[in-house]
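As a plain string of letters, each chain reads:
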Amino acid sequence: MERKVRVRFAPSPTGPLHIGGVRTALYNYLFARRNGGDMILRIEDTDSQRFVPGAEDYINESLAWLGIKIDEGVREGGAYGPYKQSERRDIYRSHVKMLLDAGKAYLAFDTPEELEAARAATPNFQYDASTRMGMRNSLALPAEEVQRLLEEGAKYVVRFRIEPGRDVTVDDMLRGPVTINSRVLDDKVLYKSADDLPTYHLANIVDDHLMEVTHVIRGEEWLPSAPLHVLLYEAFGWADTMPRFVHLPLLLKPDGKGKLSKRDGDRLGFPVFPLEWHDPKSGAISSGYRESGYLPEAVINFLALLGWNPGDDTEIMSMDRLIELFSFDHCSRSGAKFDFEKGKWFNHKYLQEKSDDELAQMFKPVMAANGCDPAAFDDSYIARAVGMVKSRINFVSDLWAQARFFFVEPESYDAKAVKKRWSEEMPRIMSELIEVLKGLDDFSSAAAEPVVLGWIADKGYHLGNVMNAFRLTVVGECKGPHMFDITELLGCEETVRRIQKGIDSIKLPQ
Ligand code: GLU
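This is a predicted model, so every value here is computed, not measured.

**Student:** What exactly am I supposed to notice about the side chain of N60 here?
**Tutor:** Note that N60 resides in helix α2 (residues 55-66). Setting aside anything within four residues of it in sequence, one finds N60 in contact with L41 and R75.

Below you can see the structure in the form of C-alpha cells.
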C-alpha cells in the first residue's frame, strides 16, 4: 500500500538555525506539499551538553517568518507526539530494552579512562566485533559480574552489536544505492545510563519509525550515519517501512571550495542565519536575513535554487509555484555555491513586485530612523516618491539614499557637480528658470518638460549644463529619476524655493 508522504525536519536546538538548515527544511516542506504529505518538526534535544536556551523558539520563529508551515510539532500538536525528544524517554527506554532482549545490543561499562587506554594501545581502535571481547561489557564479562555492576549502580552505555561482513545498502534518492561493509562500522552507543537519554542515532530511528516518516531528507553530513540507521531499522524488524533517504549536497563558500561557514558571512558581509541571533552566553549578535532587509519570499526563492532547478532557467518562483514544480529529479548531487549577490538580486526582484503603497509603508520606519517624520507627508506623496526610485534598490533601507531629497531639501551640494556644472552665469539662468516655472499653469511632468526645453533652446543655452544645474539645486547632486517627474511631485513652490536657495548658497568653484 502507498503510504502517505510524511517528512520531518529534526533540528537540534544547539544554536541558531543555519541557512543550510533552512534549505533542508524548505526541501522537506516542498516535497511534502508537492506530494500531499505532512511535515513534522521534531526537536532533537537529547544532547543536554549542547542545549542552548532560545534555540527552539528561534527555529519556530524562523520557519514561521519564511512561510514554511509545520503540520505537526511541539507548538502544532499532532497524533504522534510528544515532538520533543527529551519528553520521550520512556519510549526510548523500552526500545533499548527490545534490542537488549533480542541480543542486538549490549551493556558496556568501560570508563572513559579505559576507552582512552584502549585507543592508546591499539592504533585505529574501533569498538567492534574484533575488540569488544577484550572490553568490559555484558558480552565479555560473566553474567554475575554484570549483575553486580548493575546493583552497584555502575554507569553504563548500551552499544549496538554490529557484526562484520554484511553489505549495507543505503538507497539514496539522489545518489542511488550506496553500499558499505558493516566491518567499517563501530558498535555505536545508543543510550547512556548517566543521563537516561538515548543518543541521536537511536532516538532518530525510533522516532522516524513511530512517526511513520516515509522520507528522510537531510544534509549530506548525515550520510555516514545512514548505514547504521539502516541496520537499526533491520534490528527492530522495521525494514519494510524503512524511509527513503535524500542526503542534500552542501552549501559551499561563495568564493571557493569548502562548506559555507559563519566566518564566510562575516568576511564577505552577508548573514548565514535567517533571523538575527543573540547568543545567550556571549551576548554576541549575528545578523539575520530578516533584519538585513530581505523579504521572506526572496530568501525562499534564492534557497530553493541552491541545489535544485525547475528543469529550465526560470528563476522567479513563488512558494506555490515551487511546490508545483519541486522534485528530486532536478536536484543536484554536487554542492551549491552560496552566491549571496544572487540573493540580493532576488530581493531586488521581489521588491519590484510590491506596490508603491506597500513599499511606502515599509519605508516609513526607515524615514523615522533617519530623523524624518513620516507623518509630515501624505501617504500618496511617499508612495509616489518611492515608486520613482524603487528600480534602483535591493533593500527597503536603500530607499533613503535614493529618495531622501523628496523629504529634505539639499543642505549641501555635490562638490564635483558644482565644479562641472555651476558657472558665473548660472545664478542668472536659474533666476530665469524660476520665472519660466512660475509661468506654468500645469506643473505636471508632461506639461513642464516641453516648456523648459523650449526656453533652453530659444536662449541657445547648453542643455546639459542648464538641466544639471537645475538638478543640482533641487536634488543636491546630479543623480535621481527624471527631472520633471521630481518637480511634479515636489510642486512649483518647493521647486522654486530650492532653486532660489541654490542661487543664494552655491559658491562658484575657485
Ligand atoms: N538532529 C539532527 C540535526 O541536528 C537531525 C539529522 C537528521 O535529520 O537525521 O540535524
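**Student:** Help me out: how do you make sense of the nonpolar core in this one?
**Tutor:** Nonpolar side chains in soluble globular proteins tend to be buried together. Of all hydrophobic cores here, the largest spans 116 residues; its most connected members are F338, F406, F407 and M430. Counting residues per element, this core draws most heavily on helix α1 (residues 19-34), at nine residues. Beyond its immediate stretch of four places on either side in the chain, F406 contacts F377, Y381, A385, M388, I486, L489, L490 and R498. Of all hydrophobic cores here, the second largest spans 36 residues; its members include I40, V96, L190 and F236.

**Student:** So what exactly am I meant to see when it comes to the environment of A32 here?
**Tutor:** Counting through the fold element by element, A32 comes out in helix α1. Spatially, the C-alpha atoms of A32 and E163 are 36 Å apart, while their sequence positions differ by 131 residues. Beyond its immediate sequence surroundings of up to four residues, A32 is in contact with V5, V7, G37, D38 and M39.

**Student:** I would appreciate a short explanation of the packing of helix α18 (residues 463-475) against helix α19 (residues 483-490) in the present structure.
**Tutor:** Between two packed helices, both the angle of their axes relative to each other and the distance between the axes serve to describe the pair. One can describe the packing of α18 onto α19 by two numbers: an axis separation of 11 Å at closest approach and a directional angle of 35°. Seen from above, α18 lies across α19 with left-handed handedness. Contact with α18, carried on its side by M467, F470, R471, V474 and V475, involves M483, F484, I486, T487 and L490 of α19 and no other residues of that element. Residue composition of the contact of α18 with α19, grouped by class: eight nonpolar, one polar and one charged.

**Student:** Would you mind going over the site of the ligand with me for this structure?
**Tutor:** Looking at the ligand, the residues that line it are R8, A10, S12, E44, Y200, N204, R218 and W222. Between a nitrogen atom of the ligand and a main-chain N or O atom of A10, the distance comes to 2.8 Å. S12 places a polar side-chain atom, nitrogen or oxygen, 2.9 Å from a nitrogen atom of the ligand. Against a free-state accessible area of 300 Å², the protein chains account for coverage of 84% of the ligand. A class-by-class count of the residues in the shell around the ligand yields three nonpolar, two polar and three charged.

**Student:** Sorry if this is basic, but what is going on with the environment of S318 here?
**Tutor:** Among the structural elements, S318 can be located in the loop between α9 (296-304) and α10 (319-325). Expressed as a C-alpha distance, the spacing of S318 and G15, which sit 303 residues apart in the sequence, is 29 Å.

**Student:** Before we go on, may I ask you to explain the pairing of strand β9 (residues 215-219) in this structure?
**Tutor:** When a strand is regular, its side chains alternate between the sheet's two faces. The element β9 is extensively covered by neighbouring structure, given that five of its five residues are classed as buried. Across five bridges, β9 lies against strand β10 (residues 244-248) in parallel orientation. Across the sheet, residue H215 finds its bridge partner in β10, namely R244. Handedness of the β-α-β unit built from β9, helix α7 (residues 226-236) and β10 comes out right-handed.

**Student:** I tried to follow the pattern of salt bridges on my own but got confused; where do I start?
**Tutor:** Close approach of charged atoms allows side chains of opposite charge to pair. Counted by the stated rule, this structure contains 49 salt bridges. Linking D90 and R93 is a salt bridge whose minimum nitrogen-to-oxygen distance equals 2.7 Å. Within this pair, D90 and its partner R93 are both found in helix α3 (residues 89-101), separated by three residues, close to a single helical turn. Overall, D90 belongs to the exposed group, its relative accessible area being 55%. Each of the salt bridges in this network shares a partner with another, and the network as a whole consists of R8, R42, E44, R88, D207 and D208.

What counts, and at which threshold
- Residues numbered from 1 in each chain as written.
- Predicted model: local features only at pLDDT ≥ 70, side-chain atom pairs only at ≥ 80, totals over all residues.
- Heavy atoms only, no water.
- Helix = DSSP H or I, 4+ residues; strand = E, 2+ residues; numbered from the N terminus.
- Contact = heavy atoms within 4.5 Å.
- Core = buried A, V, L, I, M, F, W, Y, C linked by side-chain atoms within 4.5 Å.
- Buried < 20%, exposed > 50% of the residue type's maximum accessible area, 1.4 Å probe, protein only.
- Axes fitted to C-alpha atoms, helices over the stretch in contact; angles between N-to-C directions.
- Left-handed = near helix turned anticlockwise from the far one by under 90°.
- Nonpolar A, V, L, I, M, F, W, Y, C, P; charged D, E, K, R; others polar.
- Near = heavy atom within 4 Å.
- Polar contact = N/O pair within 3.5 Å; in protein donor to acceptor, adjacent residues only side chain to side chain.
- Areas by Shrake-Rupley, 256 points an atom, 1.4 Å probe, with all protein chains shown as cover.
- Pairing = 2+ DSSP bridges.
- Right-handed = clockwise from strand over helix to strand, strands pointing away.
- Salt bridge = Lys/Arg side-chain N within 4 Å of Asp/Glu carboxyl O.

Taken by themselves, the reported measurements are silent on function.
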